[in-house]
Amino acid sequence: MGLNPVADVLKRTDKVLKSAEVALGSVDTTLVDVDGKLTTVDATLAETRQVLGQVETLLGDLNDKMALLDEVPRLKATLDAVLAAVQKG
């Protein structure tokens, strides 16, 4: 220590505070980066929700079409019976 211990402590404190300021600047930069990435994640989630809604609609349409396909054998049998009746006269 020098002749003035208070001045030495103040100099060391100043160095520590400058280091802390640099560290806080780095933390601030990191938080800005994280905020930007979270914004991207939010946008991606919104888009994913929209796509999932479209998929849900398409799956509903597909289910309706499959239900119609299940009716084809019954409809064919009915039409065959009507055709047979018409041909008999």
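In this text, all values refer to a predicted model and were calculated from it rather than measured experimentally. (Residues numbered from 1 in each chain as written. Predicted model: local features only at pLDDT ≥ 70, side-chain atom pairs only at ≥ 80, totals over all residues. Heavy atoms only, no water.)

A. Just the overall build of the protein, in detail. Counting its regular elements, the protein contains 1 helix and 0 strands. The globule rule puts the C-alpha radius of gyration for 89 residues at 12 Å, and the 38 Å found for the protein is more than 25% above it. The burial tally for the protein puts 0% of its 89 residues in the buried class. Total accessible area on the protein stands at roughly 8,100 Å², and carbon and sulfur atoms take up 67% of it. Averaging the locations of the 10 positively and 14 negatively charged side chains of the protein gives two centres separated by 4 Å. (Helix = DSSP H or I, 4+ residues; strand = E, 2+ residues; numbered from the N terminus. Rg over C-alpha atoms; globule rule 2.2 N^0.38 Å. Buried < 20%, exposed > 50% of the residue type's maximum accessible area, 1.4 Å probe, protein only. Areas by Shrake-Rupley, 256 points an atom, 1.4 Å probe, with all protein chains shown as cover. Lys, Arg positive; Asp, Glu negative; His and termini not counted. Charge placed at Lys NZ, Arg CZ, Asp CG, Glu CD.)

B. Representation of the pattern of salt bridges in the model. Evaluation of the coordinates by the stated rule reveals 3 salt bridges. Put simply, Glu71 and Arg74 hold a salt bridge, and the shortest N to O gap is 2.8 Å. One end of the pair, Glu71, and the other, Arg74, are both in helix H1 (residues 5–88), 3 residues apart, so they sit about a helical turn from each other. The class of Glu71 is partly exposed, set by a relative accessible area of 32%. (Salt bridge = Lys/Arg side-chain N within 4 Å of Asp/Glu carboxyl O.)

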